[in-house]
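Report on the structure
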Amino acid sequence: MKIELDQLKSKIQTLESHVSKSSQEVKKKDEIIAEKEKIIQDRMNSIETLQNEIASLEKNGVLNAEEQAYKLKGDQEKQNMEKVALETRVTKAEEKIHDLNSKLEDVVESPNSNSNSRNAKAFSPFKKFLMQSYYDRHTNLHDSDFENFMSQEVPFGFCEVLPNNHNFLLRPSVLKRNLIGGSSHPSVSTLIKFPTQQSKSLSELLSYSCEFIIIERLSSGVFADPFELQRLVQRGVFNDIAVFGDTNLELPSFLSNRSAVEIHLDVDPNILLEPSDIKIELPLHARYQPLNESGYCTVEFGAPDMLVRCSTKENVENRNCFFKLKIDDANLYDADIVWSIPSGRKAHAEIVSGVTFIAVLLSTLVIVVT
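Read on for a plain summary of the structure. (Residues numbered from 1 in each chain as written. Predicted model: local features only at pLDDT ≥ 70, side-chain atom pairs only at ≥ 80, totals over all residues. Heavy atoms only, no water.)

Membership of the largest hydrophobic core comes to 38 residues, with the highest contact counts inside it found for Phe212, Val261, Ile263 and Phe301. With near-sequence residues (within four places) excluded, Phe212 lies in contact with Ile192, Phe194, Ile263, His264, Leu265, Val267, Ile278, Met306, Leu307, Val308 and Leu325. Counting 17 residues, the second largest nonpolar core, distinct from the first, contains Leu130, Phe149, Val154 and Ile213. (Core = buried A, V, L, I, M, F, W, Y, C linked by side-chain atoms within 4.5 Å. Buried < 20%, exposed > 50% of the residue type's maximum accessible area, 1.4 Å probe, protein only. Contact = heavy atoms within 4.5 Å.)

Here's what the structure looks like:
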């Protein structure tokens, strides 16, 4: 019996030892759990803090974007105001220049000034191209401005050798014009025939060097290639040539301005004393035309502006003589010509766009695959 009691006590002690050990393990686990809960809480607090910071940054970012947009809007308004002010100043400056020019004209046209000095101040005869003098005064080519320039500022007949023939006009007998070549890149052919000119003073021009000048005023729908024309000068087809106005070759017709081509040909002064012919061909190119239901756009060419300039070898005043070519009495053959230029049709716009899109898409796929 005693032995059984001892064994029972031993078991109880063993159980108590196990319970104590288990309690210690449970306590340690509770401490680990508490520690992990604390870590989790700390992390949750950190996440909450980060979320608050993100929200604050987002709010500040929106505010900054709004502030920047408001600032940009203010800057744009300021620039617009400065632009308007600048345009106003330019307008006032132009008005002042116009007033000064008027005053200068009044001074030049005063009784103390003769017609020769008036012409000399209005126009410099020593510039190589007449159109350069025109564009020194005007930004774009307008027929009315050009005709005023030719009639009022170019000193026709203004030279010492013909003091009594300031109104002398050269009179061609025939002016024939036509288009040569394809529909997109033709040449304008001009044939001018001169009869014998009747004037007592013309024989005195034989000591002068003379050049024949033709000015073609082109529509905005066509252009002349300056590089192509310079090659013609190098080949000796023309003495000199230049393109003025809108020389951007890539612009379509509805975005371009008009241009003009000035052609110079050396001529013998005897052309004024005996029958002679002058023939030139000016290559032209069509710009991209706007859409048209008929599939064609028309461009009209009027008669060219033609004159002769004679000058001495010495570059002195009153030694440059300009003579008009009066074509009213000439036999005109298609002096005003019409060029029909192919253009796209509105009805085909959707089809062309669709085909173009498919072609681009297929090309892109081929590039990606290969």
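After that view, the rundown keeps rolling.
Before going further, it helps to examine the sheet that holds strand β3 (residues 187-194). Pairing is mixed across the open sheet formed by four strands, whose spatial order is β8-β3-β2-β13. Since the sheet does not close on itself, it has two edges, and those belong to β8 (276-283) and β13 (331-333), each with one partner. For this sheet the average axis-to-axis angle between neighbouring strands, irrespective of direction, equals 10°. Note that strand β2 (residues 174-180) and β3 share seven bridges and pair antiparallel. In the strand pairing of β3, Ile180 is matched with Ser187. (Pairing = 2+ DSSP bridges. Helix = DSSP H or I, 4+ residues; strand = E, 2+ residues; numbered from the N terminus. Axes fitted to C-alpha atoms, helices over the stretch in contact; angles between N-to-C directions.)

Within this structure, the stated rule accounts for six salt bridges. Across the pair Asp143 and Arg258 runs a salt bridge, and its minimum N-O distance is 3.0 Å. You can see Asp143 sitting in helix α4 (residues 143-152) and its partner Arg258 sitting in the loop between β6 (240-245) and β7 (259-267), a full 115 residues away along the chain. For Asp143, a relative accessible area of 35% gives the class partly exposed. Its relative accessible area of 23% is what places Arg258 among the partly exposed residues. Residues Arg217 and Asp305 are paired through a salt bridge, measuring 2.9 Å at the closest nitrogen-oxygen approach. Placement of Arg217 in strand β4 (residues 209-218) and of Asp305 in strand β11 (residues 305-311) is noted, with a sequence separation of 88 residues between them. Accessibility expressed as a relative area gives 16% for Asp305, which makes it buried. (Salt bridge = Lys/Arg side-chain N within 4 Å of Asp/Glu carboxyl O.)

Pairing of β2 with β13, which is carried by three bridges, proceeds in the parallel orientation. Bridge pairing links Lys176 to Tyr333 in β13.

The next point concerns the packing of aromatic side chains. Throughout the structure, instances matching the rule amount to seven aromatic pairs. Seen in terms of ring centroids, Phe146 and Phe149 are 6.4 Å apart; in terms of plane orientation they differ by 35°. Their pairing is tilted. A residue pair is termed a helical-turn pair when its members lie 3 or 4 positions apart in one helix, as Phe146 and Phe149 do in helix α4 at three residues. Of the two residues, Phe146 and Phe149, both sit in the buried class. The interplanar angle of 20° and the centroid separation of 6.4 Å between the aromatic rings of Phe301 and Trp339 together place this pair among those described as stacked. (Phe/Tyr/Trp six-rings, centres within 6.5 Å; stacked < 30°, edge-to-face > 60°.)

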